There are 2 protein chains.
Amino acid sequence: MKIIRSTQNDQIKQIHKLKQTKYQKKFGAYLLEGPHEVQEAIQAHAPIKHLLITEGIQLSFATEATEIDMIQIEPSVSAYLSDTKATQGIFAVIKIAEQTLPTDLAGGWILLDALQDPGNLGTIIRTADALGLKGVILGEGTVSVYNPKVLRALQGSQFHLQIVTQSLLTVLTALKQQQIPVFGTALTPNAVGIGQIPATSNFAVVIGNEGNGVSDAILAQTTQNIVIPIRGKAESLNAAVAAAIIMYHFSQG
Amino acid sequence: MKIIRSTQNDQIKQIHKLKQTKYQKKFGAYLLEGPHEVQEAIQAHAPIKHLLITEGIQLSFATEATEIDMIQIEPSVSAYLSDTKATQGIFAVIKIAEQTLPTDLAGGWILLDALQDPGNLGTIIRTADALGLKGVILGEGTVSVYNPKVLRALQGSQFHLQIVTQSLLTVLTALKQQQIPVFGTALTPNAVGIGQIPATSNFAVVIGNEGNGVSDAILAQTTQNIVIPIRGKAESLNAAVAAAIIMYHFSQG
């Protein structure tokens, strides 16, 4: 196994860059951190280019070592690559394999219209995974799924469902062609309370930007716009909370 | 109006300390930031000791200035007091008035067992406010509601519902005496799927620590333990998301 002892090593410097969106795009790969996350990547047969393990750390899971390039790193290198103060010392460089919309769209979908907060994106994808949705569409202006803060909130859920970066209007057209209702979340007068919409296994819900909500261009193209009735004095719900409530509502069916 | 131009001013130094839990306890006050938050405090007749307004900033809401001690501060002082990079320059020092459990407990309650993450606490209280719950109980080991990160996520919801810091076992006893069912969230074998519990306007739900869940001592004293069925491959839900789904489930009735 190769051993790297210095943060000045060229390969380590390049791997470090894979935490930034611009280098992720340039090199087509991202850096994943954490034993649980890396184990999920291996189980999902994700395209792992390198597995980096800190000296003295034991892998708690099996790998088919012959297929994966393993690199041992010193704790100083691990601290350099890590995003957390107490790193567990396990990393993987994973090739970005952009997913495209599947032919059969049956199932539940969340469509994100310029969602900005990395924690919200990670939480929404993880919730969609837990509640058995088919996938999440990252529309224009949505934070990258390979942002380190998103990856931390995801806890490996990116390997469990479809995550597609695509224009929302294109996706809306495809969903409607397959008779899958698309619900926009909005405070507009024509939005109906979510309790009036029956649960269904085939649905798509558009969640908007934290400050501005779903854009008017999208709201004009939905099957129906919906709202979670506010009974108290708070003016709105957090985007990840609103998404979770709506996903739960539909998936009860 | 008094004008303070220096971050070295003794009163400003003391106000700055009110961002830390130990000084909040010592002086019985906390620092609230943001025009929306301060407006909510004024509307709720919260015990405001001082209102701090940066030079050149106009208040977008009315105050009965004769009742509140107003202090004008320079932008450098505002930047020193702020928790954000782009402060809006409005602050209030508010006396901490610890709430006690009301006599009539009818309504919905969230009980928090050692919840650690400030963002989760703020989001849970804000969701409880939006969904019309009666209050949130902060049990032993739960992060302080006056933590600046909690206050930011709250967006003023602390002025809309009961927020009581108290031993959960004491609260459980009081709830059960009033025939209000207490549900623990747990992955234990005796937990039932939430879909099997009918919606009800009187309920209490215990949400646990992010890593360890609800303690066994509490789970043994609940009316019933419940679980949100996981249909996908994610191992768990974020605590604020789980709380939101359960609150929504019960408040549909």
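All values derive from a computational prediction rather than experimental measurement.

> Got a minute to help me understand the overall build of chain A in this structure?
Within chain A, the secondary structure is distributed over 9 helices and 12 strands. The C-alpha radius of gyration computed for chain A amounts to 20 Å, which stays within 12% of the reference 18 Å derived for 253 residues, consistent with globular compactness. Among the 253 residues that make up chain A, the fraction classed as buried is 52%. Split by element, the accessible area of chain A, about 11300 Å² in all, is 49% carbon and sulfur.

> What exactly am I supposed to notice about the packing of helix 5 (residues 118-130) of chain A against helix 9 (residues 239-251) of chain A here?
Helix packing geometry: the angle between the two helix axes and the distance between the axes. Residues and elements named next belong to chain A. The geometry of helix 5 relative to helix 9 is characterised by a closest axis approach of 9 Å and an angle of 15 degrees between their N-to-C directions. The orientation of helix 5 relative to helix 9 falls into the category roughly parallel. The crossing of helix 5 and helix 9 is right-handed. Between helix 5 and helix 9, the residues in contact are Asn120, Thr123, Ile124, Thr127 and Ala128 and Ala239, Ala240, Ala243, Ala244 and Met247, respectively. The class makeup of the residues in the contact of helix 5 with helix 9 is 7 nonpolar, 3 polar and no charged.

> What's the story with unusual backbone geometry in this structure? I'm lost.
Leave glycine aside and you will find that most residues have negative phi; peptide bonds, for their part, are mostly trans. Here glutamine 179 of chain A, not a glycine, exhibits a phi torsion of approximately 60 degrees, which is positive. Checked against the element boundaries, glutamine 179 of chain A lands in the loop between helix 7 (168-177) and strand 9 (182-185).

> Please explain the relation of the copies chain B and chain A as it appears in this structure.
The relation between the two copies of this chain is a rotation about an axis and a shift parallel to it. Between chain B and chain A, which share one sequence, the superposing operator has a rotation angle of 180 degrees and an axial displacement of 0.0 Å; the RMSD is 0.0 Å. The superposition of one copy onto the other is thereby described by a two-fold rotation axis. Interface overlap between copies: 100% of the residues of chain B at the interface are likewise at the interface in chain A, consistent with a symmetric, same-surface contact.

> Quick question: what am I supposed to make of the environment of valine 145 of chain A here?
Residue and element names in this part refer to chain A. Of note, valine 145 is situated in the loop between strand 7 (135-138) and helix 6 (148-154). Its relative accessible area of 8% is what places valine 145 among the buried residues. The spatial distance from the C-alpha of valine 145 to the C-alpha of isoleucine 163 is 8.5 Å, given a sequence separation of 18 residues. Valine 145 has contacts with Leu121, Ile125, Leu138, Val150, Leu151, Leu154 and Ile163, leaving out every residue within four places of it along the chain.

> Any chance you could explain the pairing of strand 11 (residues 203-208) of chain A here in plain terms?
Moving residue by residue along a regular strand, the side chains alternate between the two faces of the sheet. All names here are of chain A. Burial runs high along strand 11: 6 of the 6 residues are buried. Here strand 11 shows two buried faces, one formed by Phe203, Val205 and Ile207 and the other by Ala204, Val206 and Gly208. Two elements, strand 6 (residues 108-113) and strand 11, share 6 bridges in a ladder whose sense is parallel. In the sheet register, isoleucine 110 faces strand 11, and the bridge partner there is valine 205. As paired elements, strand 9 and strand 11 share 3 bridges and run parallel to each other. Following the sheet pairing, phenylalanine 183 is matched in strand 11 by valine 205.

> Is there a simple way to explain the interface of chain B and chain A in this structure?
How big an interface is tends to be stated in terms of accessible area lost as the parts join. Between chain B and chain A, the contact holds 32 residues from the first and 32 residues from the second. Counting across the chain B and chain A interface gives 0 salt bridges. Summed over the shared surface of chain B and chain A, the result is 16 residue pairs in polar contact (both at pLDDT 80 or more). Here the side of chain B that touches chain A takes 7 residues from helix 9 (residues 239-251) of chain B, the largest share from any one element. For the side of chain B that touches chain A, the per-class residue count stands at 13 nonpolar, 13 polar and 6 charged.

> What exactly am I supposed to notice about helix 9 of chain B here?
Spacing of three or four residues puts side chains on the same side of an α-helix, whose turn is 3.6 residues. All names here are of chain B. Along its 13 residues, helix 9 runs 18 Å from first to last C-alpha, staying within 8% of the 18 Å computed at 1.5 Å per residue. Taking burial as the measure, the 13 residues of helix 9 include 13 buried ones, the bulk of the element. One side-chain oxygen of the residue at the start of helix 9 lies 2.8 Å from the amide nitrogen of alanine 240, identifying that residue as asparagine 238.

> What is the right way to look at the layout of surface pockets in this model?
Where empty space is left becomes clear once a probe the size of a water molecule has been rolled over the atoms. Residues and elements named next belong to chain B. Approximately 640 Å³ is the volume attributed to the second largest pocket. Taken together, 29 residues line the second largest pocket, and the ones lying closest to its centre are Ile96, Glu98, Val145, Tyr146 and Ile163. For the lining of the second largest pocket, the secondary structure elements donating two or more residues are helix 2 (21-27), strand 5 (90-95) and strand 8 (162-165). When grouped by side-chain class, the residues that make up the lining of the second largest pocket number 14 nonpolar, 12 polar and 3 charged. The residue makeup of the lining of the second largest pocket includes at least three contributed by each of domain 1 (2-95) and domain 2 (108-251).

> Got a minute to help me understand the side chain of serine 157 of chain B in this structure?
Locating serine 157 of chain B in the fold gives a position in the loop between helix 6 (148-154) and strand 8. Beyond its immediate stretch of four places on either side in the chain, serine 157 of chain B contacts Ala234 of chain A together with Ile125, Arg126 and Asp129 of chain B.

> Can you help me understand the sheet that holds strand 12 (residues 224-227) of chain A in this one?
Strand pairing within a sheet occurs via backbone hydrogen bonds; the two strands may be parallel or antiparallel. Residue and element names in this part refer to chain A. One open sheet accounts for 7 strands, arranged 8-7-6-11-9-12-10; its pairing is parallel. Each of the sheet's edge strands pairs with one partner strand only, and the pair in question is strand 8 (162-165) and strand 10 (192-193). Of the pairings in the sheet, the one linking strand 10 to strand 12 comprises 2 bridges and is parallel in character. Opposite valine 192, over in strand 12, you have isoleucine 226 as the bridge partner. Sitting on the sheet, helix 7 is in contact with strand 6, strand 7, strand 9 and strand 11, with an inclination near 155 degrees to strand 6. The sheet contacts of helix 9 involve strand 6, strand 9, strand 11 and strand 12, and relative to strand 11 the element is tilted by about 170 degrees.

> Any chance you could explain the pattern of salt bridges here in plain terms?
Two side chains bearing opposite charge may form a pair once their charged atoms approach each other closely. Following the criterion strictly, the structure yields 10 salt bridges over all chains and no others. Where salt bridges share partners, they join Arg5, Glu55 and Glu74 of chain A into one cluster.

> Can you help me understand the environment of isoleucine 57 of chain B in this one?
Residue and element names in this part refer to chain B. On the secondary structure map, isoleucine 57 appears in the loop between strand 3 (48-54) and strand 4 (69-73). A C-alpha to C-alpha distance of 7.0 Å links isoleucine 57 and glycine 89, two positions 32 residues apart in sequence. In this structure, isoleucine 57 is in contact with Gln88 and Ile90, ignoring residues within four places of it in sequence.

What counts as what
- Residues numbered from 1 in each chain as written.
- Chains lettered and ligands numbered in written order.
- Predicted model: local features only at pLDDT ≥ 70, side-chain atom pairs only at ≥ 80, totals over all residues.
- Heavy atoms only, no water.
- Helix = DSSP H or I, 4+ residues; strand = E, 2+ residues; numbered from the N terminus.
- Rg over C-alpha atoms; globule rule 2.2 N^0.38 Å.
- Buried < 20%, exposed > 50% of the residue type's maximum accessible area, 1.4 Å probe, protein only.
- Areas by Shrake-Rupley, 256 points an atom, 1.4 Å probe, with all protein chains shown as cover.
- Axes fitted to C-alpha atoms, helices over the stretch in contact; angles between N-to-C directions.
- Parallel < 35°, antiparallel > 145°, perpendicular 65-115°, else oblique.
- Left-handed = near helix turned anticlockwise from the far one by under 90°.
- Contact = heavy atoms within 4.5 Å.
- Nonpolar A, V, L, I, M, F, W, Y, C, P; charged D, E, K, R; others polar.
- Least-squares fit on C-alpha atoms with pLDDT ≥ 70 in both.
- Pairing = 2+ DSSP bridges.
- Salt bridge = Lys/Arg side-chain N within 4 Å of Asp/Glu carboxyl O.
- Polar contact = N/O pair within 3.5 Å; in protein donor to acceptor, adjacent residues only side chain to side chain.
- Expected span 1.5 Å × (residues − 1).
- 1 Å grid on protein atoms, 1.4 Å probe; cavity = no way out; pocket = protein on both sides within 12 Å on 5 of 7 lines; lining within 4 Å.
- Points joined across faces, edges and corners; volume = space filled by probe spheres on them.
- Domains from an automatic or database assignment.

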